[in-house]
Protein chains: 2
Amino acid sequence: MVKPFLKALAGEAVRPAPFWLMRQAGRYLPEYRKLRASTDSFLDLCFSPALAAEITLQPVRRFEPDAAILFSDILTIPHAMGQEVRFLEGKGPVLGPFDPASLQPVGGRLDSVYEAVRLVRRSLTDEVALIGFAGAPWTVAAYMIEGGSSRDWLKVRQMALGEPDGFGALIDRLIEATIDYLAAQVEAGAEALQLFDSWAGLLPPSGIRRWCLEPARRITAGLKQRHPFVPLILFPRGAGALAAEFAEIGDCVGIDTTADPAWAAGAIQDKAAVQGNLDPMLLVIGGTTMEQAAREILFTLRQGPHIFNLGHGVLPATPPEHVAALRRLVREVL
Amino acid sequence: MVKPFLKALAGEAVRPAPFWLMRQAGRYLPEYRKLRASTDSFLDLCFSPALAAEITLQPVRRFEPDAAILFSDILTIPHAMGQEVRFLEGKGPVLGPFDPASLQPVGGRLDSVYEAVRLVRRSLTDEVALIGFAGAPWTVAAYMIEGGSSRDWLKVRQMALGEPDGFGALIDRLIEATIDYLAAQVEAGAEALQLFDSWAGLLPPSGIRRWCLEPARRITAGLKQRHPFVPLILFPRGAGALAAEFAEIGDCVGIDTTADPAWAAGAIQDKAAVQGNLDPMLLVIGGTTMEQAAREILFTLRQGPHIFNLGHGVLPATPPEHVAALRRLVREVL
């Protein structure tokens, strides 16, 4: 039997719609907070196969989604390349100075991630698919160059638009590392992959095409050479109408909170599955407000392949019982 | 003779395209910084008619744009309603606690803004149009409720989506105040108006329609009742493909940096003029990179009404000579 999530990625209009949530593991779950409190550093969780696997499985036990996504972070690659990465409580990631000359090949430094994939895959039932992931080169480069999250992202935007040759060299290295990273996740047991381009919306259209779409194309091509059948979900957050161009490349396009599902049905679903796009704030609010919005998304996208998800990650303030209610609703809408 | 800027707003494909830039007055100009250093508070500049008029005219003298936009701020309305508003160096606006019960009618508290409009209008040549503006209710409410700029804007999003009745009451008050404010700017000499909805992109599609599009519709209707011929530019930043729906209401839609001009030509230009959308970072970079991008925008939008502008405001790091070069280029492309 093919898992419902993988059927939708293959282009089938599966009912009820397969369900999972970006950041379904994490801070809003008490069992996660307990585990997090027992370790000093967030990256220790990512690089401990047993802990990463356990955190990946926490929401699977609670909500029975159609897919588990490996618990990890998009900054594992710069860390493995030798740039310092730390996570400060309430401040997000803080990276050491960016020095292209000192970046190293990744080598075996991500092996513990693949071990976590193996552990999770062994624990999943025949119904639940396992998603591997990576940050897209543009978004990862943005953190590497800014040294963390930024209000205006001026440095990386200036570099991308003003020094495209130097910036392109970094993107090339990230493309190669990402292909290796994702291919190894597939070899360890990941059945689908998602590429998170959380900051695509910082670029003008020409920049989105050059630094987000083209790397996605190369990563997809490189992966499909090694693993012809592994499906790829692309999530170019903030790309607006350009999200439709990602449907030419990926098996599925994740749409963000601002995207109109009716637009996505017309612009994307004949070429790729659509994943999304309930506003995470509605999951904090819950009740009929959340349920009406979820029903409308399900109704609008029901004619084609659709994977129900949020338009961005679960917020820490989310009551877990709202997730349970949403999960029930999605299962009941046929 | 009708001013070129107003011709474009009336739907004519004017060549060369009329030119102005959002935040064309401000921190990147040495003459502004000099004037700013002579006053304690940013709001003093906005509320001193002579200073606001002088700042408005600084870029007009330098670059001869086709329009001047009144130097002011979108937070004049909450300030006039009695909520404390201060601007801290490098931190942006900081507002006092939001208390709907203590908000007052605006009364005559914005008269100095209208006086600035009168002063500017008297100083402009027959070629240059004067734009008045206001923040759109959603964006102004966002600052009022968050108490300033925010990383996640959780409070206002939660209120808009979770307590729509209470939030709607605030939006209603802002709609009324905005109509009065913009109508008075027209009576003082503004020849066109722009409504800045800088944070439209924080909302899901249903939220954009309810809290951005519908208020824009009511403000436009209220204004056209008093001033049937004044053209309105709507700028719903981050609205993605939904920007096209604003073309049903406004005479012109400002598109942000992520919008593809080819998409805007098809989706907007048969209903309204398009304004935009060079990435402000390209104006920092300058040179052929900037010029090629500007030419492409001009070329793509040349068949319909187009006002050349940025996709967001001028950045403080912008060299004024790049603005002069851009101005020359736009004048030369026919």
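Residues numbered from 1 in each chain as written. Chains lettered and ligands numbered in written order. Predicted model: local features only at pLDDT ≥ 70, side-chain atom pairs only at ≥ 80, totals over all residues. Heavy atoms only, no water.

### A look at the sheet that holds strand 8 (residues 273-278) of chain A
Backbone-to-backbone hydrogen bonds pair the strands of a sheet. The strands run either parallel or antiparallel.
Residue and element names in this part refer to chain A.
Turning to step 1, where the next piece is worked out: Taken in spatial order, the seven strands make up an open sheet running 1-4-5-6-7-8-9, and their pairing is parallel. At either margin of the open sheet sits one strand with a lone partner, and together these are strand 1 (67-69) and strand 9 (306-310). This sheet shows a mean twist of 25 degrees between the axes of neighbouring strands, independent of strand direction.
Turning to step 2, where the next piece is worked out: Bridging between strand 4 (residues 129-135) and strand 5 (residues 192-197) involves five bridges; their strand directions are parallel. Across the sheet, residue G135 finds its bridge partner in strand 5, namely F196.
Turning to step 3, where the next piece is worked out: Strands in contact with helix 13 (residues 287-300) are strand 8 and strand 9; relative to strand 8, the strand with the most contacts, it is inclined by about 165 degrees. (Pairing = 2+ DSSP bridges. Helix = DSSP H or I, 4+ residues; strand = E, 2+ residues; numbered from the N terminus. Axes fitted to C-alpha atoms, helices over the stretch in contact; angles between N-to-C directions. Contact = heavy atoms within 4.5 Å.)

### What about the relation of the copies chain A and chain B?
Turning to step 1, where the next piece is worked out: Here chain A sits on chain B after a turn of 180 degrees about the axis and a move of 0.0 Å along it, with an RMSD of 0.0 Å. With respect to symmetry, the two chain copies, as superposed, fit the operation of a two-fold axis. No C-alpha of chain A approaches the rotation axis more nearly than that of G240 of chain A, which lies at 2.2 Å.
Turning to step 2, where the next piece is worked out: Comparing interface residues between copies, 100% of those in chain A also lie at the interface in chain B; the contact surface is shared. (Least-squares fit on C-alpha atoms with pLDDT ≥ 70 in both.)

### Some details on the sheet that holds strand 7 (residues 252-254) of chain B
Residues and elements named next belong to chain B.
Turning to step 1, where the next piece is worked out: On the basis of which strands lie adjacent, the open sheet formed by seven strands has the order 1-4-5-6-7-8-9 and parallel pairing. If you trace the sheet from one side to the other, it starts and ends with strand 1 (67-69) and strand 9 (306-310), each paired once. Pairs of neighbouring strands in the sheet enclose a mean axial angle of 25 degrees, with direction left out of account.
Turning to step 2, where the next piece is worked out: Pairing of strand 6 (residues 232-236) with strand 7, which is carried by two bridges, proceeds in the parallel orientation. Within the sheet, the bridge partner assigned to I233 lies in strand 7 and is C252.
Turning to step 3, where the next piece is worked out: Relative to strand 8 (residues 273-278), helix 14 (residues 287-300) is tilted by about 165 degrees, and along the sheet it contacts strand 8 and strand 9.

### Section: the side chain of N309 of chain B
Residues and elements named next belong to chain B.
Turning to step 1, where the next piece is worked out: Summarising the element assignment, N309 is placed in strand 9.
Turning to step 2, where the next piece is worked out: Engagement of the side chain of N309 in a polar contact is seen with the backbone oxygen of W20, the distance being 3.2 Å.
Turning to step 3, where the next piece is worked out: Not counting chain neighbours up to four residues away, the residues in contact with N309 comprise W20, L21, M22, Q275, G276, N277 and L278. (Polar contact = N/O pair within 3.5 Å; in protein donor to acceptor, adjacent residues only side chain to side chain.)

### Observations regarding the nonpolar core
Turning to step 1, where the next piece is worked out: Ranked by size, the top nonpolar core spans 278 residues in total, and within it F5 of chain A together with F5 of chain B carry the most contacts.
Turning to step 2, where the next piece is worked out: Aside from chain neighbours lying at most four places away, what touches F5 of chain B is P18, W20, D66, A67, A129, I131, A192, I233, Q275 and I307 of chain B. (Core = buried A, V, L, I, M, F, W, Y, C linked by side-chain atoms within 4.5 Å. Buried < 20%, exposed > 50% of the residue type's maximum accessible area, 1.4 Å probe, protein only.)

### Side note on the pattern of salt bridges
Turning to step 1, where the next piece is worked out: Taken as a whole and judged by the stated rule, the model has 32 salt bridges over all chains.
Turning to step 2, where the next piece is worked out: Residues R86 of chain B and E84 of chain B are paired through a salt bridge, measuring 3.1 Å at the closest nitrogen-oxygen approach.
Turning to step 3, where the next piece is worked out: When the shortest N-O distance is used, the salt bridge between E115 of chain B and R118 of chain B registers 3.1 Å. Within this pair, E115 of chain B and its partner R118 of chain B are both found in helix 6 (residues 111-123), separated by three residues, close to a single helical turn.
Turning to step 4, where the next piece is worked out: The exposure class of E115 of chain B is partly exposed, given its relative accessible area of 27%.
Turning to step 5, where the next piece is worked out: Look at R118 of chain B and you get partly exposed, because its relative accessible area is 34%.
Turning to step 6, where the next piece is worked out: Several salt bridges share partner residues, and in doing so they unite K3, R121 and E191 of chain A into one network. (Salt bridge = Lys/Arg side-chain N within 4 Å of Asp/Glu carboxyl O.)

### Digging into the environment of Q58 of chain A
Residues and elements named next belong to chain A.
Turning to step 1, where the next piece is worked out: In this structure, Q58 sits in helix 4 (residues 49-63).
Turning to step 2, where the next piece is worked out: Residues Q58 and G26 lie 32 residues apart in sequence; the distance between their C-alpha atoms is 8.9 Å.
Turning to step 3, where the next piece is worked out: Look past the residues within four positions of Q58 in its chain and what remains in contact with it is L29, E31, Y32 and L35.

So yeah, pure geometry; function would need other evidence.
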